Each structure stands twice: as structure tokens, then as C-alpha cells.
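Examination of the molecular architecture
Read off the chains here:
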Amino acid sequence: MVASGAEKTITVLVERLVEHRLYKRRYRKSTRFSVHDEKNEGRVGDRVQIEECRPLSRTKRFRLLKVVERAT
């Protein structure tokens, strides 16, 4: 999790490895998701599990399932 500025909303950063088609070198791509957090239980640095749901606002299309690992 990256940010928790707004009420009941967190920003989650998802990174993945992608291989270049021509040069076969792997590099990281990242995507940010606005996630609905009903109980405000997520904190910056946590590892979380999210699921896709109906549109909850203009940018929120995901819901927080659970906090997998707390930040130390």
C-alpha cells in the first residue's frame, strides 16, 4: 500500500515483471489502484489483498479484502 490520504480510500501499487519483446530483458511495470477500505484498516507499507467490484466512485473499482502483512 502506498497512500491512505482520503477517508475510506487507499492507494495500492501493484508491480509486475515484463519481458521486452525484442531484447528479452525483464523490467518492472507498476500500476496504481484506488481501493475502497470500509474500516480504514490499511496503513502505508502494508501488503494487502484486493478484489475487483462494481464502480464505487469515479476512480474506485476495487475493494480491500484483507491485510496480508503489516508494515514494520
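Let us look at the structure shown here. (Residues numbered from 1 in each chain as written. Predicted model: local features only at pLDDT ≥ 70, side-chain atom pairs only at ≥ 80, totals over all residues. Heavy atoms only, no water.)

1. Description of the overall build of the protein chain
Counting its regular elements, the protein chain contains zero helices and four strands. Beginning at the N terminus, the succession of helices and strands in the protein chain can be written as β-β-β-β. For the protein chain, whose C-alpha radius of gyration is 14 Å, the value lies well above the compact-globule estimate of 11 Å for 72 residues. By principal-axis analysis of the C-alpha atoms, the protein chain measures approximately 45 × 30 × 20 Å. Across the protein chain, the fraction of contacts at a sequence separation of at least 24, relative to all contacts at a separation of at least 6, is 39%. Of the roughly 5900 Å² that the protein chain leaves accessible, carbon and sulfur atoms contribute 45%. (Helix = DSSP H or I, 4+ residues; strand = E, 2+ residues; numbered from the N terminus. Rg over C-alpha atoms; globule rule 2.2 N^0.38 Å. Contact = heavy atoms within 4.5 Å. Areas by Shrake-Rupley, 256 points an atom, 1.4 Å probe, with all protein chains shown as cover.)

2. A short note on the pairing of strand S4 (residues 60-69)
Where strand S2 (residues 26-36) meets S4, three bridges bridge the pair, whose relative direction is parallel. Residue pairing for S4: His 36 is matched across the bridge by Arg 63. Sheet topology note: the strand S3 (residues 47-52)/S4 ladder contains six bridges and is antiparallel. Bridge pairing in S4 places Glu 52 opposite Phe 62. (Pairing = 2+ DSSP bridges.)

3. Notes on the environment of Glu 38
Structurally, Glu 38 is set in the loop between S2 and S3. Each C-alpha atom, one on Glu 38 and one on Gly 5, is 14 Å from the other, the two residues being 33 residues apart in sequence. Of note is the side chain of Glu 38, whose polar atom sits 2.8 Å from the side chain of His 36. (Polar contact = N/O pair within 3.5 Å; in protein donor to acceptor, adjacent residues only side chain to side chain.)

4. Description of the sheet that holds S3
In spatial order, the strands read S1-S2-S4-S3; together these four strands make up an open sheet with mixed pairing. Each edge of the open sheet is held by one strand with a lone partner, namely strand S1 (9-19) and S3. Strand-to-strand, the axes of this sheet are offset by a mean angle of 45°, without reference to chain direction. (Axes fitted to C-alpha atoms, helices over the stretch in contact; angles between N-to-C directions.)

5. Describing the nonpolar core
Counting six residues, the largest nonpolar core consists of Met 1, Ile 10, Val 12, Val 35, Phe 62 and Leu 64. At the level of secondary structure, the elements contributing two or more residues to this core comprise S1 and S4. When near neighbours in sequence (up to four residues on either side) are disregarded, Leu 64 contacts Ile 10, Val 35, His 36, Asp 37, Glu 41, Val 48, Gln 49 and Ile 50. (Core = buried A, V, L, I, M, F, W, Y, C linked by side-chain atoms within 4.5 Å. Buried < 20%, exposed > 50% of the residue type's maximum accessible area, 1.4 Å probe, protein only.)

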